[in-house]
Amino acid sequence: MQYNEKVKTINWLAHNVIQLEVPKPEGFKFSVGDAVEIKVAGQDPGPFTITNLPNGDKLEFVIRIYPEHHGKTEAISKLKVGEEIGFTEPFNTFQPQKRAIFLTGGTGITPFIAIMRQMQKEGTLADCHLFFSNKTRKDLFLEEELSDMLGDHFHNIIAEERDDPDYYGNIDEAWLKNHIDDLSRPVLVCGPPAFNKAMAKALKSIGVKEGLIDLGS
Ligand SMILES: Cc1cc2nc3c(=O)[nH]c(=O)nc-3n(C[C@H](O)[C@H](O)[C@H](O)COP(=O)(O)OP(=O)(O)OC[C@H]3O[C@@H](n4cnc5c(N)ncnc54)[C@H](O)[C@@H]3O)c2cc1C
């Protein structure tokens, strides 16, 4: 089924990241970690993850804008409150897992936003860790909420800005070895394809069993 709803709010969370809300359609049911295909006028549909919790009357999305691609995210960034978007039924990408390590790059964090919000509500987030990599400090978003939710279990990694205190470069085996306290934890990995591939390889080589590495569906 295809839904159409009018944009309720648009806020910029970072220089190239927006948070967009539409009303939740009557009868639309979803779980944390679900995504939909969003269709905006003149563009092909593209997958985006719902970042709010299923109860309530809205759907929230966090979307990185690539103006230089002149594609769907540029079109989304130009939407105005009251303009319509289309979207599909939801499909699942990740599910909550106790004792998880969320290993993520950029907007790859989106499925984990709703999952972590739900786990916090249920009291199971305290034993999880978030490793969140961004190219530069100004690409980072939701830092305050993530810090509040996870405290010192929130590990921020800046990959390209050498003078940043959280600079490390690309996450590698040495970094993972230093930061994963228990190799029996499930590791949920979500980022660009090259990030996912590199992380799966690095995790295996430090001894995380393949069955514990979740690359989503
Ligand atoms: C299940 C799933 C969930 C997702 N959830 C989210 C989410 O919640 N938030 C989010 O921000 N993203 C999410 N994404 C990623 C998102 O769908 C894409 O990043 C987005 O559609 C790309 O949009 P675009 O503006 O590049 O436009 P597109 O319309 O995809 O591309 C426009 C043009 O740019 C070109 N192009 C694409 N990539 C590059 C590149 N790297 N360099 C040069 N040219 C390029 C294309 O070939 C095309 O010609 C998700 C992806 C998946 C698979």
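One can find the structure itself at the top, above this paragraph.
Residues numbered from 1 in each chain as written. Predicted model: local features only at pLDDT ≥ 70, side-chain atom pairs only at ≥ 80, totals over all residues. Heavy atoms only, no water.

Asks: For this particular structure, what's the right way to read the site of the ligand?
Replies: Lining the immediate surroundings of the ligand are 14 residues, of which Pro47, Val62, Arg64, His69 and Thr73 lie closest. In the model, an oxygen atom of the ligand is placed 2.8 Å from a nitrogen or oxygen of the Arg64 main chain. The contact in question runs from an oxygen atom of the ligand to an N or O atom on the side chain of Thr107, over 3.5 Å. Protein coverage of the free-state accessible area of the ligand, which is 980 Å², stands at 54%. With respect to the detected pockets, the ligand is housed in the largest pocket. (Near = heavy atom within 4 Å. Polar contact = N/O pair within 3.5 Å; in protein donor to acceptor, adjacent residues only side chain to side chain. Areas by Shrake-Rupley, 256 points an atom, 1.4 Å probe, with all protein chains shown as cover. 1 Å grid on protein atoms, 1.4 Å probe; cavity = no way out; pocket = protein on both sides within 12 Å on 5 of 7 lines; lining within 4 Å. Sits in = over half its atoms within 2 Å of the grid points.)

Asks: I'm lost on the nonpolar core in this one. Help?
Replies: Note on soluble globular proteins: their nonpolar side chains tend to be buried together. Residues Phe102, Ile109, Phe112, Met116, Leu130 and Leu146 are the most contacted members of the largest nonpolar core, which totals 28 residues. The set of elements that each furnish at least two residues to this core consists of α2 (110–122), β10 (129–134), α3 (143–150) and β12 (187–190). For this core, the leading source of residues is α2, giving 6 residues. In this structure, Val36, Phe48, Ile63 and Ile76 belong to the second largest nonpolar core, which totals 20 residues. (Core = buried A, V, L, I, M, F, W, Y, C linked by side-chain atoms within 4.5 Å. Buried < 20%, exposed > 50% of the residue type's maximum accessible area, 1.4 Å probe, protein only. Helix = DSSP H or I, 4+ residues; strand = E, 2+ residues; numbered from the N terminus.)

Asks: What's the story with the sheet that holds strand β6 (residues 58–64) in this structure? I'm lost.
Replies: Taken together, 3 strands build an open sheet; the order of strands is β2-β3-β6 and the sheet is antiparallel. The sheet terminates laterally at β2 (9–14) and β6, the two strands that pair on one side only. Across this sheet, the average inter-strand angle for adjacent strands is 20 degrees, counted without regard to direction. As judged from the 7 bridges shared by strand β3 (residues 17–23) and β6, these two strands associate in the antiparallel manner. Of the residues in β6, the one forming a bridge with Val17 is Arg64. (Pairing = 2+ DSSP bridges. Axes fitted to C-alpha atoms, helices over the stretch in contact; angles between N-to-C directions.)

Asks: Honestly, helix α5 (residues 193–205) in this entry has me stumped. Any pointers?
Replies: One turn of an α-helix holds 3.6 residues; hence residues three or four places apart share an orientation. Here α5 spans 18 Å end to end across 13 residues, near enough to the 18 Å set by a 1.5 Å rise per residue. By the burial criterion, the buried members of α5 are Phe195, Asn196, Met199, Ala200, Ala202 and Leu203. Packed against the buried residues of α5 are β9 (101–105), β10, α4 (173–179), β12 and β13 (213–214). One or two residues past the end of α5 sits Gly207, with phi positive at roughly 110 degrees. (Expected span 1.5 Å × (residues − 1). Contact = heavy atoms within 4.5 Å.)

Asks: Honestly, the environment of Gln43 in this entry has me stumped. Any pointers?
Replies: The residue Gln43 is located in the loop between β4 (34–39) and β5 (46–49) in this model. Expressed as a C-alpha distance, the spacing of Gln43 and Phe61, which sit 18 residues apart in the sequence, is 18 Å. Leaving out residues up to four positions away in the same chain, Gln43 has contacts with His70, Gly71, Lys72 and Ala75.

Asks: Is there a simple way to explain the pairing of β5 in this structure?
Replies: Consecutive residues of a regular strand have side chains that alternate between opposite faces of the sheet. Here β4 runs beside β5; their pairing, made up of 4 bridges, is antiparallel. Paired with Glu37 across the strands is Pro47, a residue of β5. The hairpin formed by β4 and β5 contains 6 residues between the paired strands, and Gly42 there has a positive phi angle of roughly 85 degrees.

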